[in-house]
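As a plain string of letters, each chain reads:
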Amino acid sequence: MDEEAFNLSTRKFLKQLGVTSQREIERGVRDAVDSGRLSGSERLPARAVVTAGGLDEEIVIDGAIAREE
């Protein structure tokens, strides 16, 4: 296996995942604030689940997203 090619491919996927996820989360939060479902100061629980063909387990990352510190 070409470790460098694998590393670059993994990083490219993670960059796409990060950029897309951030955009969609920001859009969803803005829409929820605009509609009154959220006040904008909530700390939202967040979970990312990543799967890759050929792997037996999911990669799960739990965290939180806050609009205010």
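Presented here is a report on the structure given in the accompanying data block.

How each quantity is defined
- Residues numbered from 1 in each chain as written.
- Predicted model: local features only at pLDDT ≥ 70, side-chain atom pairs only at ≥ 80, totals over all residues.
- Heavy atoms only, no water.
- Helix = DSSP H or I, 4+ residues; strand = E, 2+ residues; numbered from the N terminus.
- Expected span 1.5 Å × (residues − 1).
- Polar contact = N/O pair within 3.5 Å; in protein donor to acceptor, adjacent residues only side chain to side chain.
- Salt bridge = Lys/Arg side-chain N within 4 Å of Asp/Glu carboxyl O.
- Buried < 20%, exposed > 50% of the residue type's maximum accessible area, 1.4 Å probe, protein only.

## Describing helix H1 (residues 3–34)
Turning to step 1, where the next piece is worked out: With 32 residues, H1 should cover 46 Å at 1.5 Å per step; its first-to-last C-alpha distance of 46 Å lies within 8% of that length.
Turning to step 2, where the next piece is worked out: For H1, the capping residue at the N-terminal end is Asp-2, with a side-chain oxygen 3.1 Å from the backbone nitrogen of Glu-4.
Turning to step 3, where the next piece is worked out: Gly-36, located one to two residues past H1, shows a positive phi value of around 90°.

## Focus on the pattern of salt bridges
Two side chains of opposite charge can pair, provided their charged atoms sit close to one another.
Turning to step 1, where the next piece is worked out: Under the criterion given, the structure shown has three salt bridges.
Turning to step 2, where the next piece is worked out: For Arg-27, the salt bridge is made with Asp-31, and the minimal N-O distance between the two is 3.1 Å. You can see Arg-27 and its partner Asp-31 sitting in helix H1, four residues apart, about one turn around the helix.
Turning to step 3, where the next piece is worked out: Residue classification places Arg-27 among the partly exposed positions, given a relative accessible area of 41%.
Turning to step 4, where the next piece is worked out: Here Asp-62 and Arg-47 are joined by a salt bridge, their closest N and O atoms 2.6 Å apart. In this pair, Asp-62 is assigned in strand E2 (residues 59–66) and Arg-47 in strand E1 (residues 43–50), connecting sequence segments 15 residues apart.
Turning to step 5, where the next piece is worked out: Residue Asp-62 is classed as exposed on the basis of its relative accessible area, which comes to 52%.
Turning to step 6, where the next piece is worked out: Note on Arg-47: relative accessible area 58%, which makes it exposed.
Turning to step 7, where the next piece is worked out: One salt-bridge network, held together by shared partners, links Glu-24, Arg-27 and Asp-31.

That's the geometry; what it means functionally is another story.
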